[in-house]
Every structure is written in structure tokens, then in C-alpha cells.
Amino acid sequence: STRTHGPQEKQGEMPPKRPASGKGPAVPAGGDGGGGGGSSKGAGSSKRGARDDDAGVNDAIKKLRDGKDGRGGSVDEVLRKVHALEAAVKSQPEVRKTLAALNLTEAYREVEDMPGREVAAAIEQVMVAVAKNILDGEGFGYSLLSRGATDQVYLEQLDRIVLKDKHTFTSFSNTGSVRKVAILTRVMQLVHGVLARGIHVTKRDLFYTDVKLFKDQKDSDAVLDDISCLLGCTRNSLHVVASEKGVVVGKLQYTEDGDEIDCTKMGIGGKAIPSNIDKVTNFRSDAKFVLLVEKDAAFMRLAEDRFYNRFPCIIITAKGQPDVATRLFLSKLKRDLRIPVLALVDADPYGLKIISVYMQGSKNMAFDSANLTTPDIKWLGVRPSDLDKFNIPEQCRLEMSQKDMETGQHMLKEDFIQQNPEWVKEVEIMLKTKTKAEIQALSSYGFQYLSEVYLPLKLQQGDWI
């Protein structure tokens, strides 16, 4: 009999196995076909599962029009709706709204990128003011921005989280804050030295300059955000960076500190996103979209399959929770290239939370949301509705824990989700079914199902929200 072959039959992977008789449905790679040893009831159950799995693959392939393996259509047909989305993105205003342009009655605070010499001068001005307060008998301390939960506000006009301009005085004479003042002063001294030399250091380097005072790296890290707010500069402007975490691969070239980088020639591991984003310039690309991936495993699958060659795109991952450098890189990429960003995350509350950090910012860095956020990211997958739409097998779906349910309920109340009825519908499906799934659940149909069927079909159908 004739059967449409799925992507799992590509070179390097075992094709679906048929029962020994040569009749009946195929079983996805890695399945046992229900053969051998079990009871007749067990064998029948396996065959029913095989039929369901085979139907899930073939139903999707029948809809796909990518011109591959004898199918009709072409890559251009798959990307037709992506081209329309790209045109819509390019037609939007280039300049993002700022707090200053809104003329709000309540005061909010945002920081901005500053040259090293200006940041160093700002530190000197702060210390002169501190010395004057001491001489005037007002004591030693700093007026710092309050960054509690109630001070972080989502502004619909900007579509991101911002910080209220509210201050508290942190005093050296107070036993509860004496250590924080000492650490903050020492870190400002170290940052001033780094800026004077025109170099960058890691947060780990900073910690080891005075281990006895800091005791724990969390203590030296924590005051960096306070210093950014105090000086009115971005954390990147302090020249103190985190270790590299995110990676990028695909149709992108840029200049990094004078060196030319071509992200199509970085193998399956990709190019590490540099911590010093200010040294990244001159983005060049013929990509039609950015694919933002939650997991490193999915990134490696797409990179190894050279997904970006067939469907021109740039693939980025922060390997889980987004770090500052990856958020800055994505924001700069979207502003400079003006192409859509599509997100591929797990179908669970934490996947949605990751998208929200990229889009609206994190509450602990609300003061720098203008630089760190990338508005209007489209949720491509894996969405809760995809589990039934693509017939994901029951054994690949996971039951949500009580903590998952609580996180989902919390996300459902978030302003940015409530603004999008489609997002609300997806979260409600998740909570109603109490079911979640990882991106890797798609591998039940073959390891290349993600790159060969799932993503091309989602792009072809314009199935993003």
C-alpha cells in the first residue's frame, strides 16, 4: 500500500516500522509497534495507539504545501503569511513611545544608556553630595528608588512594566541597612575604576575583589540595580556584565568589537550572544522573522537541520529564563531589522511567563524596561490548543501540579494577557484540561517533526497570536 512519508524518514533516522505482515498503520520512530509477547488486549491497544499516532503525522503532512517530498506548493507559499506580517511590522512607527511623551500625572523613572565617562562623572557627583551631607551633619546614606512589588506598574500606553519615582533613604547609621550602604559604596568605587580604564568585567570578577565584605555574590549583584537607578543609567552602562548564556544562529551578520560575525557559519551550537551589547553594531540580514526558542534542545534541533536556510530566519535562545544580554540583543535586533518575532515555548505557564519577560519586562528590572523589552512578540507555539490540533499522544502530555495551576491563574490575571482574547483562551484551555506539554513532546512523531512539519505548517497557516 502507498503511504505518505513523514520527516522522521530523513537520512540518519529510522523510518516508521510496519507490522511484520506488511499491512496496517505505521508506528512513529521509537515505537514498538505493539509486537511480541503481550496479551491480545495489550496488542490491540498498541495498534490503536499506532493508528492515532500515524494519523497525527499524516494529517499534518497532507495540509503542508512546502514543495518537498513530492508535495505541492513551495517555500514561498509556506511563508506567504509571514511576508504579510513582516510588511505590517515594517509599516509601524520606528520610534517607540517614551514616558516623557505621555505627560502622565504620576511620576515614573526610567534609565538610559550613558557613555562611560558620563557614568563615572555621575558617581563622582553622588559621592560629593554624600560628603556634603556628612559635613552638614545629615549623616551618611543614599536616597534610593523603592523597587517593591507595589512600585512596579504595567502601563498599557507603553505595553511594558515601569517603576514609580518613589525614594527611600538608606542610612549607614541604621543597623538594618549599614551593610548595604557599605557594599553599595564599595561597588561604586569598583565600577568607577572599571569605567576609568574603559574595560568590562563580569559580576563574578566584581565579587572576588572584596570577598570578605560581600560574602555572597548575591550581595554584590543586588546593589548593581540600585546603582543604575541612583545614577540614571542602564546596568550595561556600568560595564559590569553577566557571563554569556544566550546563543544565536541563522541569517544574521553583524560587527562585534571590530570583528565580522556570520551566524550562518556557527555550527549547531550557534554564536554566543555577547554580554557587551554596546560592542554589537551593523546588523545585516535577509531573514523574514526571528524565531525565539525557549529550550536549548529545540534550538540545537533547528540549528542542526539548518531550518534557517530553508525558511530564512534568525534563531535565538536564552536556554530557559531570559538573561539581560539576550533581552538586550533581541530588542536591538527587532528595532534595527524591523522583522516579526515568533516565540516557540513549552505549553505551560512558565513558557508564557518567559514570553512576558521578553515583551513587558521583569519586575525586578522595571527601571530599564525601555531597553530590555521587545513589544508585539507573536506566540507561535507550543500552545495548549496545539495538543489536540496536532494529536499529541496522551503519554507525552503532563498533568499540571498545584504550583503550575497557581502560576497559570496568576498569569491569567496579568494585564497584558487580558488585552489579548486569544491568549486568554489558550490559558483557559490549559487550566481547564490541567494539562501541559514540552516542546519535546513533538518528538513523539520523530525527532525532526518540529523542523519538518510542525513549524512549517504553523508558518503556512499563520497560526500565531
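Shown above is the structure to which this text applies.
Residues numbered from 1 in each chain as written. Predicted model: local features only at pLDDT ≥ 70, side-chain atom pairs only at ≥ 80, totals over all residues. Heavy atoms only, no water.

**Brief notes about the sheet that holds strand β14 (residues 313-317)**
Part 1 of the reasoning: Spatial ordering of the open sheet is given by β11-β8-β14-β13-β15-β16, a layout of 6 strands whose pairing is mixed. Across the chains shown, the open sheet's two edge strands, defined by having one partner strand only, are β11 (271-272) and β16 (378-381).
Part 2 of the reasoning: In this sheet, strand β15 (residues 341-344) lies alongside strand β13 (residues 289-293) in parallel orientation, the contact comprising 4 bridges. Paired with V290 across the bridge in β15 is V341.
Part 3 of the reasoning: Contacts from helix α10 (residues 296-304) reach β8 (247-250), β13, β14 and β15, with the element oriented near 155° to β14. (Pairing = 2+ DSSP bridges. Helix = DSSP H or I, 4+ residues; strand = E, 2+ residues; numbered from the N terminus. Contact = heavy atoms within 4.5 Å. Axes fitted to C-alpha atoms, helices over the stretch in contact; angles between N-to-C directions.)

**A few points about the packing of helix α5 (residues 116-135) against helix α6 (residues 178-197)**
Part 1 of the reasoning: Two elements in contact, α5 and α6, have axes whose closest approach is 9 Å; the angle formed by their N-to-C orientations is 145°. Judged by the twist between their axes, the crossing of α5 over α6 is left-handed. In this structure, α5 contributes G116, V119, A120, I123, E124, V126 and M127 to the contact, and α6 contributes T185, M188, V191, H192 and L195.
Part 2 of the reasoning: Across the contact of α5 with α6, the residue classes tally to 8 nonpolar, 3 polar and 1 charged. (Left-handed = near helix turned anticlockwise from the far one by under 90°. Nonpolar A, V, L, I, M, F, W, Y, C, P; charged D, E, K, R; others polar.)

**Regarding a negative patch on the surface**
Part 1 of the reasoning: Side chains of E112, D113, E118 and D278 sit close together on the surface and give a patch of like negative charge.
Part 2 of the reasoning: Under the relative-accessibility criterion, D278 is labelled partly exposed at 44%. (Patch = residues over 30% accessible without salt bridge, like charges linked within 9 Å, V, L, I, M, F, W, Y side chains within 5 Å. Areas by Shrake-Rupley, 256 points an atom, 1.4 Å probe, with all protein chains shown as cover. Salt bridge = Lys/Arg side-chain N within 4 Å of Asp/Glu carboxyl O. Lys, Arg positive; Asp, Glu negative; His and termini not counted. Charge placed at Lys NZ, Arg CZ, Asp CG, Glu CD. Buried < 20%, exposed > 50% of the residue type's maximum accessible area, 1.4 Å probe, protein only.)

**Here's the deal with the packing of helix α16 (residues 402-412) against helix α18 (residues 421-433)**
Part 1 of the reasoning: Packing of α16 against α18 brings their axes to within 10 Å, and their N-to-C directions diverge by 160°. As far as their axial angle goes, α18 and α16 are roughly antiparallel. By crossing handedness, the relation of α16 to α18 is classed as left-handed. The segment α16 lies against α18, with M405, G408, Q409 and L412 engaging V424, V427, E428 and L431.
Part 2 of the reasoning: The class makeup of the residues in the contact of α16 with α18 is 5 nonpolar, 2 polar and 1 charged. (Parallel < 35°, antiparallel > 145°, perpendicular 65-115°, else oblique.)

**Focus: α18**
Part 1 of the reasoning: End to end, α18 covers 18 Å across 13 residues, agreeing with the expected 18 Å (1.5 Å per residue, within 8%).
Part 2 of the reasoning: Residues W423, V424, E426, V427, M430 and L431 constitute the buried set of α18. Along the axis of α18, the buried positions cluster into a sector of 165°, meaning they face one direction only. Exposed side of α18, more than 90 degrees from the buried face: P421 and K432 are the residues found there.
Part 3 of the reasoning: Along its buried surface, α18 packs onto α13 (349-360), β16, α16, α17 (415-418) and β18 (435-436).
Part 4 of the reasoning: If you check the start of α18, you find a side-chain oxygen 3.0 Å away from the backbone N of E422, and it comes from N420.
Part 5 of the reasoning: Looking one or two places after α18, you find K434, whose phi comes out positive at around 55°. (Expected span 1.5 Å × (residues − 1). Arc of directions from axis to C-beta. Polar contact = N/O pair within 3.5 Å; in protein donor to acceptor, adjacent residues only side chain to side chain.)

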